Amino acid sequence: MAESDGETAEPVAAERAGSTPRNWSVFGDSLGVAVFLCALALAGSTWQVGFFITDTYAVANGLVNVAEGHLTIDRIEYSLTLGSQPGLHAVDGHLYARNYGQAVFALPAYYGLAVLTAVARLELVLAAGWSLLVVAACRQVGVVLDRRPTFGTAGSLFGLGLFGASVALAAPVEAELAGLVALQVLSLLAVAVTALALYRLCARFHGRRVGVVAGAGAVLATPLWFWAAVPKRHTLGAAVVAVLLYWFAASRGAGPRVTVPFLGAVRKAVVLRSLAYVLAGLVAWVHAFEGVVLLGTFALADLATASTTSRRALVAVAVGASVGLTPFVATNVFVSGNPVEPPRLTESYQPGNGVEIGPGGAVQPGEPAGGDTDQSGDPDGGNGSQSGESTGGDSGGTDSPVAGGGGSTTGGPSAVGALAERVRSSSAFGYASRIVTEASEAPFRLYHTYVRSGRIAKDVRYDVNDEETIELSLAESLPLAGALAGAFVGGLTLRLRTGQWSRPGASGTRSDGGAGGDGSTDGLLDTVRRHPVGAVRRLPGRVRRAHPARQTDGLALAVFAAYATLYYPLLPLHTQLTVRYVLPVVPALVYLVARRRTVRRCVATTPRSLVAGYVLALVAGVAAVAVAFPALDPAVGEAMQLHALVDLAVCGALAGVVTATRAGLVDDTRLAAGALGVAGAVTTLLVVRMQLVYFEYGTYAVPVVRRVADVFAVAA
Amino acid sequence: MDASRIVTLLSVAVVLGTLVVTGPLVGGTDAGRASPELGEGTATVESVQLTGSPSFSPGRFGTGVVYLRIPDAAVEFASASGRSRLVYRVAVPALGFDRVGTASVDPGTTHRGVGMSDRAFAPDTLDRDRYRVNVTVRVQSFAVDRTVFHRNVTVEAGDG
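Residues numbered from 1 in each chain as written. Chains lettered and ligands numbered in written order. Predicted model: local features only at pLDDT ≥ 70, side-chain atom pairs only at ≥ 80, totals over all residues.

Colleague: Break down the interface of chain B and chain A for me, citing the residues and quoting the values.
Modeller: Contacts between chain B and chain A engage 33 residues on the former and 38 residues on the latter. Every element with two or more residues in the side of chain B that touches chain A is listed here: α1 (3-21) and β8 (119-121) of chain B. Considering each element in turn, the side of chain B that touches chain A owes the most residues, twelve residues, to α1 of chain B. Class assignment for the residues of the side of chain B that touches chain A results in 15 nonpolar, twelve polar and six charged. (Contact = placed C-beta atoms within 7 Å. Helix = DSSP H or I, 4+ residues; strand = E, 2+ residues; numbered from the N terminus. Nonpolar A, V, L, I, M, F, W, Y, C, P; charged D, E, K, R; others polar.)

Colleague: How would you explain the domain arrangement of chain B if you had to name every residue and give the values?
Modeller: Many structure descriptions define interface size as the accessible area lost when the parts assemble. Annotation of chain B at the domain level lists domain 1 (1-33) and domain 2 (42-156). Domain 1 of chain B and domain 2 of chain B are separated by 45 Å when their C-alpha centres are compared. (Domains from an automatic or database assignment.)

Colleague: Describe in detail the sheet that holds strand β10 (residues 145-156) of chain B, supporting the description with residues and values.
Modeller: All names here are of chain B. The strand order β6-β5-β9-β10 describes an open sheet built from four strands, whose pairing is antiparallel. Of all the strands in the sheet, the pair left with one neighbour each is β6 (97-105) and β10. Across the sheet, the mean angle separating the axes of adjacent strands is 15 degrees when strand polarity is ignored. Relative to strand β9 (residues 130-140), strand β5 (residues 84-92) is paired through seven bridges, and the arrangement is antiparallel. Within β9, the position partnered with Arg85 by the bridge is Gln140. (Pairing = 2+ DSSP bridges. Axes fitted to C-alpha atoms, helices over the stretch in contact; angles between N-to-C directions.)

Colleague: Tell me about helix α6 (residues 122-144) of chain A, and please be specific about residues and values.
Modeller: Residues and elements named next belong to chain A. Look at α6: 33 Å from first C-alpha to last across 23 residues, which is about the 33 Å you get at 1.5 Å a residue. Within α6, 19 of the 23 residues are buried, which leaves it mostly tucked inside the rest of the structure. Of the residues flanking the end of α6, it is Asp146, one or two places downstream, whose phi is positive at about 60 degrees. (Expected span 1.5 Å × (residues − 1). Buried ≥ 20, exposed ≤ 12 C-beta atoms within 10 Å, placed from the backbone.)

Colleague: Go over the environment of Asp553 of chain A with me, naming the residues and quoting the values.
Modeller: Residue and element names in this part refer to chain A. Locating Asp553 in the fold gives a position in helix α24 (residues 548-566). We classify Asp553 as buried; it has 22 C-beta atoms within 10 Å. In sequence terms Asp553 and Arg595 are 42 residues apart; their C-alpha atoms lie 8.2 Å from each other.

Colleague: Lay out helix α29 (residues 670-694) of chain A in plain terms, naming residues and giving numbers.
Modeller: Think of an α-helix as 3.6 residues a turn; residues three or four steps apart then line up on the same face. Residues and elements named next belong to chain A. With 25 residues, α29 extends 34 Å from end C-alpha to end C-alpha; this agrees with the ideal 36 Å at 1.5 Å per step. A bend of about 25 degrees at Val688 is the largest found in α29. Among the 25 residues in α29, 22 count as buried, and that is most of the element. (Bend = angle between axes of the 7 residues up to and from the residue.)

Colleague: Please provide a residue-by-residue account of the packing of helix α13 (residues 288-305) of chain A against α24 of chain A, values included.
Modeller: Residues and elements named next belong to chain A. At a minimum axis distance of 10 Å, the contact between α13 and α24 shows a crossing angle of 150 degrees. The orientation of α13 with respect to α24, classified from their angle, is roughly antiparallel. Of the two possible hands of crossing, α13 and α24 adopt the one that is right-handed. Along the contact surface, α13 presents Phe289, Val293, Thr297, Leu300, Ala301 and Thr305, while α24 presents Gln551, Gly554, Leu555, Ala558, Val559, Ala562 and Leu566. Tallied by class, the residues present in the contact of α13 with α24 amount to nine nonpolar, four polar and no charged. (Parallel < 35°, antiparallel > 145°, perpendicular 65-115°, else oblique. Left-handed = near helix turned anticlockwise from the far one by under 90°.)

Below is the structure:
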């Protein structure tokens, strides 16, 4: 990054003050609680109880069966049609779901719902839960603003009113849907955790105000809100990335000693690091490739920047990674007999290959299949066309990079001897070579994935979604990212204009809180020009001595690069909507945006312009939709592409304004602050309309929001 | 204990109380449950009008498809008793397209609109100059199923 910075280091000093229990606070402070509650209430307000993407059926069936005490799917609780469903796998006459991590993490919510639905109707449990959440959020905002009595009373009455209205409007939700609801609760919590982690991360480096803006931005200004109620792996990945960034930032430097049961006094940083390895390892249980890539990326960044690589710390790290990977390996051994072959890589279930799904969803042994069905010839198998507008199939073939890379994983569980052959022929190896062989398509792929979607004639199967052009690019669904491009170009421009590559005052060192110094890219560029060899030799030392904020920037960039590489051969793809495969990088991008000096100046000096830009653009957007859409009468694909064009224009304008501000061509930050607000507002408008207008796939958990939207003619 | 805390606790108590009272343990009343959409009703239709004519036109904003634009159907009733529904069906047999939109008809309804979204087609799938589009409107309930409107429209694909 060409942008310089000037972060402060006082939180580190504050941490040294003592190892009181407050050090282990989850939320950090009362504002953290408010960010968490508000994010959860916001994400929950547009929640639809329903299956948006078809392989969720298999994961929900996995959850229900795990709750009954077995990994095998003996009973199909949820199905779209009789027979197979995407994400269902058959091994040795038993059915399994494609991933179990998600199912197990959702178990507490499932058991909780089982208790609640014994005494209350599920639709009212959801409405009550959300209303009480609104009450808690209002009270907490009152605590933060030091007006608890007013906010407490008003919030309670408001929540009560919302609940009353919901009771009157509620449509039935069958109690049997508890499995799906539990998965959705897990996903919603993941979005709230993402907002909280971003708040704590940004507050750590740049104060609570920047933290709040980043936390609020995570929900309001990114596509996370849309995916909050879609229980895929993506929101979980985003939460993990956000938490990893925070723990990474908090564990640079030795930090205080804390007392841990059984271990005695340990450096807090070491505890956080091993927890981070546990977390990254657990991702493999949800999606093997993402887990391995995240673990590798984190390990690389961690070991390059760790303040200590003592034997004790390395053991802690290794133990953490092992603990995190244990459930993944155990599940694989149980299902496929192969510790590195997750259920997702086993053969997709097709009716007739040894298992039959009987009436009522009972799974019985059936006729053995006449030979192995080779999946490689049928990468889109199970991609049932849906009655809904967008619930495009998401079959094993195209969804998973692993299966996409090597469809040749036929045959039963293999012995260790076949392992090498298997690895070479199918998953990681084949996948890596696919990235290389498809490098020539980079301009086409990257343009359509990250810049402008439009109709992507090649590679994208529109037929699964009724030919609607609903797949947006990253810039179109996250115009906020324009600020990153602007800051980068602006920084370069500034240096070209001033002819100055090393900033004055860049001689500060880490201990006095100056961020530049040895670790800054400016100094680095200078040295590289003068002594290229020495600079390379001294690079590891520079990285290790850099300010924690810069080190965390490095991790954020590495996570982005890792995901972009991992999914490069698969994107663009159908049923992505907002490039959901790379959704986990959204918190990393929000963090990087919040770290830009220009953005921080906007938040610090002209916060009113930021809020005004957001509110005015949102009001203008709602009004424009209400006036223009009845006249245009756009089909869903046209509406999505209209949003895409507007968002792309906003993204470009934001990049331009930030460039000018960063380069010193514009001194006033009000313009940039307003542009940031507008970029957030157009995304809010997009994700809210996606949930309330364009993609209705279930019963609204909060019917009163649905009704208010109708009244406001959002559904023009 | 301050007033705001009392209000909050009361609100929580009311919410939880409502949950239990309406739940399966306490009688499990059906109050608030949405009534079923379809009944045994019937309706006499006075007129059916389409708000336009079906047509093909290119998708806008870079969608790169051709849309079959489907007009809404506006139905006037002479009378309506019981619960029934309108079934608005548009089909293009040559393209394998067949879609229905429905709207419920409550007792005493005098007019009701029913529509459905436009349908996108990849341009290369439209290989004819013109297509026949079948449009029907039915009144349907558990007691009746009556076609009240039927029209075959020939639509030019050329401008698509």
